[in-house]
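Secondary and tertiary structure notes
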Amino acid sequence: MLSLARTVKEPFGCRRLSIRALGHAAAGIAILTLPVIVSRSAIAQPLADPFSVGGPGSTDRLTFPLPLRSPAVRSVAVENASLSGSVLRIDTDAPVTPIAYCLADPPRIVLDLVRASCPSVSGDMPHTLTPRTAGAIERVRLVPIGADGGTRVLVDVPMLLPFHARRTPGSTGVTLEVFRLAPRYGIVVLDAGHGGDEPGCVGRRGTLEKDVNLSVALRAQAILASHGVVCLLTRSDDFAADLWDRAYFANECGAKLFVSVHCNASQRQASGTEAYYTSPVSRPLADRIQTEMLMALGRPDRGVHTCRFVVTRETEMPAVLCELAFLDNEEEEVLLSNPDFQGKAAEAISRAVLGCLRGDGMRDTLSSGVFIR
Ligand SMILES: [Zn+2]
C-alpha cells in the first residue's frame, strides 16, 4: 500500500514536478502536479485510462489509478523442526520478490521485500519472532525500510549457512530455506550474472542469459551442498543485483571462492567456452573451471584470460567469471536452454570448485583468504 499523502518533488526542466501519492486498500492514486502546461501526448504514459488533464494557471494535474497496489506482509512463521534445516514463510497479500543476502558479524540473513509494507507496531503481528523450537533460525525481526515503503526481514542464524530465498510457489509470499550443513570447506559464493530488468544477452529464440545463469548457479549450489560445501548465491531469484554489491556480498561472508556464471555474445558468429580472472591467485580456479567445462560441454576452447570485471576485481578471494557458451550462436543457444546442458555446466563448475577446495595448490590462498568486516 502506498503511504498516505506522500509528496515527492522531482526536477522537471528548471522547475520541479511534484508527485503526490494517495493510498487505500484497493488501489493507489498518483497526482502529478506539473510546473508547466504539457500536452497529453508529451507524457510517456504506460497506464491506461481513466486519465484526466486540467488545473489552473501553469499547473496541469493528472490523476490515474495505479493498477497495482504495494504488497503488505500478513504473517510470518518459522518451522525449525525440518531435518534439512529451517523454513521461514512470509505471507504477503500481493506478489513480492525478495532480495536476499547475508551479513557475517553477527551471522544473519537479510531479506529485503521492496515496496512491501511492514506491519504496524500497533498491529496484531509482532515485529520480533523467536521460534519455540531451536534450529537454524534463532530469531526473525521485521523493520520498515526506505522512504517509499519496504520491509527488511532480519533472520538471526547460529552461523552462516546456505540458504535459498524465493517466491513461494503457488502463493504471493516468500519462502526462505536455511540448510543445516556443517561447513566442511568454508563458504563458496556463486554469482548468477544479470537478473531482473537486466536480461544480459538474448538469443534469437528468446533465451535470456539471466535465466540460464540462474539455473546453472542453482544446480551448482545443490551439487556443492550435497558435498558439504556451504554455497551462497548473490541472487537466488530473478532480480537485478549491483555488481559492487555482488563482490561486497562475497567479501562480507568470507567466501573462500567466487564463481560468476555468464553466457557470451559476439558481434561476429563465435562459439565456445572461456574463463576470466583478475588476480593471479585466481588462476588455478580459472584453469580448473575451464578444463572441467571443456570436458563437460564439448565446446571450442577460447582460453583463460585476465580481465578487470568488477566481480573478479573487487572480490578478495580467488574469483572467476566463466562464459559457458555463446547465446547469440543459434547452435549454442539450443544447448544453453537445455536443462541437461545446464546440469553439465553446473557439474563442471562444482567439480572445479571441489577440486580447488581439496587441492594442495589452493591451501595457502584458502587459509589466508578469509575476510570478515
Ligand atoms: Zn553476462
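These numbers were taken from a predicted model, which means no experiment stands behind them.

Remarks on helix α1 (residues 209–226)
The end-to-end C-alpha distance of α1, which contains 18 residues, comes to 26 Å, matching closely the 26 Å that a straight helix rising 1.5 Å per residue would cover. Every buried residue of α1 is accounted for by E209, K210, V212, N213, L214, V216, A217, L218, R219, A220, Q221 and L224. Buried-residue contacts for α1 involve β14 (187–192), β15 (230–233), β16 (257–264), β19 (319–326), α5 (330–336) and α6 (339–358). One or two positions beyond α1, positive phi appears at G228, with a value near 80°.

Some remarks on the sheet that holds strand β5 (residues 73–79)
Judged by pairing direction, the sheet is antiparallel, and its 4 strands sit side by side in the order β5-β6-β13-β12 without closing on themselves. With partners counted over all chains shown, the strands left at the sheet margins are β5 and β12 (163–167), one partner each. Each strand of the sheet is rotated relative to its neighbour by a mean of 10°, with strand direction disregarded. Bridge count for β5 against strand β6 (residues 85–92) is 6 bridges, and the pairing is antiparallel. Residue pairing in the sheet places V78 in a bridge with L88 of β6.

A word on the pairing of strand β8 (residues 108–114)
Only one face of β8 is buried, namely the one carrying I109, L111 and L113, since none of R108, V110, D112 and V114 on the opposite face is buried. Pairing analysis gives 6 bridges linking strand β7 (residues 98–103) to β8, with the strands arranged antiparallel. Bridging from a neighbouring strand, L103 pairs with R108 of β8. Between β7 and β8, which pair antiparallel and follow one another directly, the connecting turn spans 4 residues.

Things to note about the pairing of β6
A regular strand places its side chains so that they alternate between the two faces of the sheet. As judged from the 6 bridges shared by β6 and strand β13 (residues 174–179), these two strands associate in the antiparallel manner. Pairing of V87 across the sheet is with E177, part of β13.

Considerations on the packing of α1 against α6
Look at α1 against α6: their axes get within 8 Å of each other, and the N-to-C directions meet at 50°. By the angle class used here, α1 and α6 are oblique. Handedness of the crossing formed by α1 with α6: right-handed. For the pair formed by α1 and α6, the contact residues are V212, S215, V216, R219, A220, I223 and L224 on the first element and Q342, G343, A345, A346, E347, I349, S350 and V353 on the second. Classifying every residue of the contact of α1 with α6 gives 9 nonpolar, 4 polar and 2 charged.

Things to note about the sheet that holds β15
Read from one edge to the other, the open sheet built from 6 strands follows the order β15-β14-β16-β19-β17-β18, with strand pairing classed as mixed. Looking at the sheet topology across the chains shown, the edges are occupied by β15 and β18 (301–306). When strand polarity is set aside, the average angle formed by the axes of neighbouring strands in this sheet is 20°. Across 4 bridges, the pairing between β14 and β15 is parallel. Along β15, the bridge assignment pairs I187 with V230.

A closer look at helix α3 (residues 283–297)
Between the first and last C-alpha of α3 there are 21 Å, a value that for 15 residues agrees with the 21 Å anticipated at 1.5 Å per step. Among the residues of α3, L285, A286, R288, I289, Q290, E292, M293 and A296 are the ones counted as buried. The elements touched by buried residues of α3 are β16, β17 (273–277), β18, β19 and α6. A positive backbone phi angle near 70° is found at G298, which sits one or two residues after α3.

Considering the confidence of the model for the chain
The predicted model of the chain averages 79 in pLDDT, with 73% of residues at 70 or higher. Scored below 50 in pLDDT, residues 39–60 makes 24 contacts in the model with residues more than four places away or belonging to other chains. In the predicted structure, residues 360–373 sits below a pLDDT of 50 and forms 19 contacts with residues beyond four places in sequence or in another chain.

A word on the environment of F239
Following the sequence through the fold, F239 ends up in the loop between β15 and α2 (243–252). The class for F239 is partly exposed, based on 17 C-beta atoms found within 10 Å. Residues F239 and G195, 44 residues apart in the sequence, show an inter-C-alpha distance of 4.7 Å.

Rules and cut-offs
- Residues numbered from 1 in each chain as written.
- Predicted model: local features only at pLDDT ≥ 70, side-chain atom pairs only at ≥ 80, totals over all residues.
- Helix = DSSP H or I, 4+ residues; strand = E, 2+ residues; numbered from the N terminus.
- Expected span 1.5 Å × (residues − 1).
- Buried ≥ 20, exposed ≤ 12 C-beta atoms within 10 Å, placed from the backbone.
- Contact = placed C-beta atoms within 7 Å.
- Pairing = 2+ DSSP bridges.
- Axes fitted to C-alpha atoms, helices over the stretch in contact; angles between N-to-C directions.
- Parallel < 35°, antiparallel > 145°, perpendicular 65-115°, else oblique.
- Left-handed = near helix turned anticlockwise from the far one by under 90°.
- Nonpolar A, V, L, I, M, F, W, Y, C, P; charged D, E, K, R; others polar.
- pLDDT = per-residue confidence, 0-100.

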